[in-house]
Amino acid sequence: MPGQPTADTSDTAGTGGGTAPCRVVVCRDCCCGSPRIPGVDHAAQTARLRSRVPVRISACLDVCDQANVMVVQPSAAGRAAGGRPLWLGLVNDADATEDIVAWVRAGGPGVAPRPDILGLYAFTPPRRRGDS
């Protein structure tokens with residue numbers, strides 16, 4: 001379903017004893033990951049993320065005006081502690097990618113405090129038809 005970060009094409013890290021890890025969903029469809037965003041090495045960005053944290057590649061998340069879009073999903077422990085997915089847009093530089101990696105490796109939503117710098121990229125996606 002468009003707008004849902006669920007199209008799984010790769011997982012890169014173990015699940016730590018069967019629990020769901022914190023992971024990054026990376027939109028790589030029509031706008032995100034395309035030449036429409038000049039000056040960004042999308043393949044290198046994705047490879048860097050994959051080398052350090054669990055990654056899921058998604059089809060279009062329907063927020064093309066925020067490309068490149070990533071969603072940091074909490075781990076099972078993070079969800080149990082009240083963590084919710086954090087949508088990040090305009091993630092178009094290596095420093096932002098490294099900030100995301102560091103937060104995910106620290107535990108991500110519900111486990112580790114969100115770095116203030118990620119507030120610059122955070123946004124609330126618009127509600128979609130059928131969302132409750």
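Residues numbered from 1 in each chain as written. Predicted model: local features only at pLDDT ≥ 70, side-chain atom pairs only at ≥ 80, totals over all residues. Heavy atoms only, no water.

**With respect to the packing of aromatic side chains**
A full pass over the atoms with the stated rule returns 1 aromatic pair. Between Trp87 and Phe123 the ring centres are 6.1 Å apart and the planes differ by 75°, which places this aromatic pair in the edge-to-face class. Taken together, the residues Trp87 in strand 4 (residues 86–88) and Phe123 in the segment after helix 3 (94–106) connect sequence positions 36 residues apart. When sorted by exposure, Trp87 lands in the same class as Phe123, which is buried. (Phe/Tyr/Trp six-rings, centres within 6.5 Å; stacked < 30°, edge-to-face > 60°. Helix = DSSP H or I, 4+ residues; strand = E, 2+ residues; numbered from the N terminus. Buried < 20%, exposed > 50% of the residue type's maximum accessible area, 1.4 Å probe, protein only.)

**Comments concerning the sheet that holds strand 2 (residues 55–58)**
Overall, mixed pairing links the 4 strands, which are arranged 2-1-3-4 in an open sheet. Edge positions in the sheet fall to strand 2 and strand 4, since each of these pairs with one other strand and no more. Each adjacent strand pair in this sheet contributes to an overall mean axis angle of 20°, direction not counted. Sheet analysis places strand 1 (residues 23–27) next to strand 3 (residues 70–73), joined by 4 bridges and oriented antiparallel. Residue pairing for strand 3: Val25 is matched across the bridge by Val71. Against the sheet, helix 1 (residues 42–52) makes contact with strand 1, strand 2 and strand 3, and its axis sits at roughly 145° relative to strand 2, the strand it touches most. (Pairing = 2+ DSSP bridges. Axes fitted to C-alpha atoms, helices over the stretch in contact; angles between N-to-C directions. Contact = heavy atoms within 4.5 Å.)

**Here we look at the nonpolar core**
Ranked by size, the top nonpolar core spans 20 residues in total, and within it Val24, Val72, Leu88 and Ile100 carry the most contacts. Going through the elements one at a time, strand 1, strand 2, strand 3, strand 4 and helix 3 are the ones with two or more residues in this core. If one sorts the elements of this core by residue count, helix 3 sits on top with 5 residues. Sequence-distant contacts of Val24, that is, excluding residues within four places in its chain, are made with Val53, Pro54, Val55, Arg56, Met70, Val71, Val72, Ile100 and Val104. Grouped together as the second largest cluster of nonpolar side chains are 13 residues, Ile37, Leu61, Val63 and Val71 included. (Core = buried A, V, L, I, M, F, W, Y, C linked by side-chain atoms within 4.5 Å.)

**What about empty space enclosed by the protein?**
Tallying each qualifying case throughout the model produces 1 cavity of 30 Å³ or more. By volume, the largest cavity is sized at about 40 Å³. In terms of lining residues, the largest cavity is bounded by Cys27, Asp29, Cys30, Cys31, Cys32, Cys60, Leu61, Asp62, Val63, Cys64 and Val69. Across the lining of the largest cavity, the residue classes tally to 9 nonpolar, no polar and 2 charged. (1 Å grid on protein atoms, 1.4 Å probe; cavity = no way out; pocket = protein on both sides within 12 Å on 5 of 7 lines; lining within 4 Å. Points joined across faces, edges and corners; volume = space filled by probe spheres on them. Nonpolar A, V, L, I, M, F, W, Y, C, P; charged D, E, K, R; others polar.)

**Digging into helix 3**
Residue pairs three or four apart in sequence face the same way in an α-helix, which turns once every 3.6 residues. The first and last C-alpha atoms of helix 3 sit 18 Å apart over 13 residues, in line with the 18 Å expected at 1.5 Å per residue. Restricting attention to buried positions, one finds in helix 3 the residues Ala96, Thr97, Ile100, Val101, Trp103 and Val104. Viewed along the axis of helix 3, the buried residues span an arc of 165°, placing them on a single side of the element. Facing away from the buried side of helix 3 by over 90 degrees, the exposed positions are Ala94, Asp95 and Arg105. Next to the buried residues of helix 3 lie strand 1, helix 1, strand 3 and strand 4. The opening residue of helix 3 is Asp93, an N-cap whose side-chain oxygen sits 3.1 Å from the backbone nitrogen of Asp95. Gly107 occupies a position one or two residues after helix 3 and carries a positive phi of about 130°. (Expected span 1.5 Å × (residues − 1). Arc of directions from axis to C-beta. Polar contact = N/O pair within 3.5 Å; in protein donor to acceptor, adjacent residues only side chain to side chain.)

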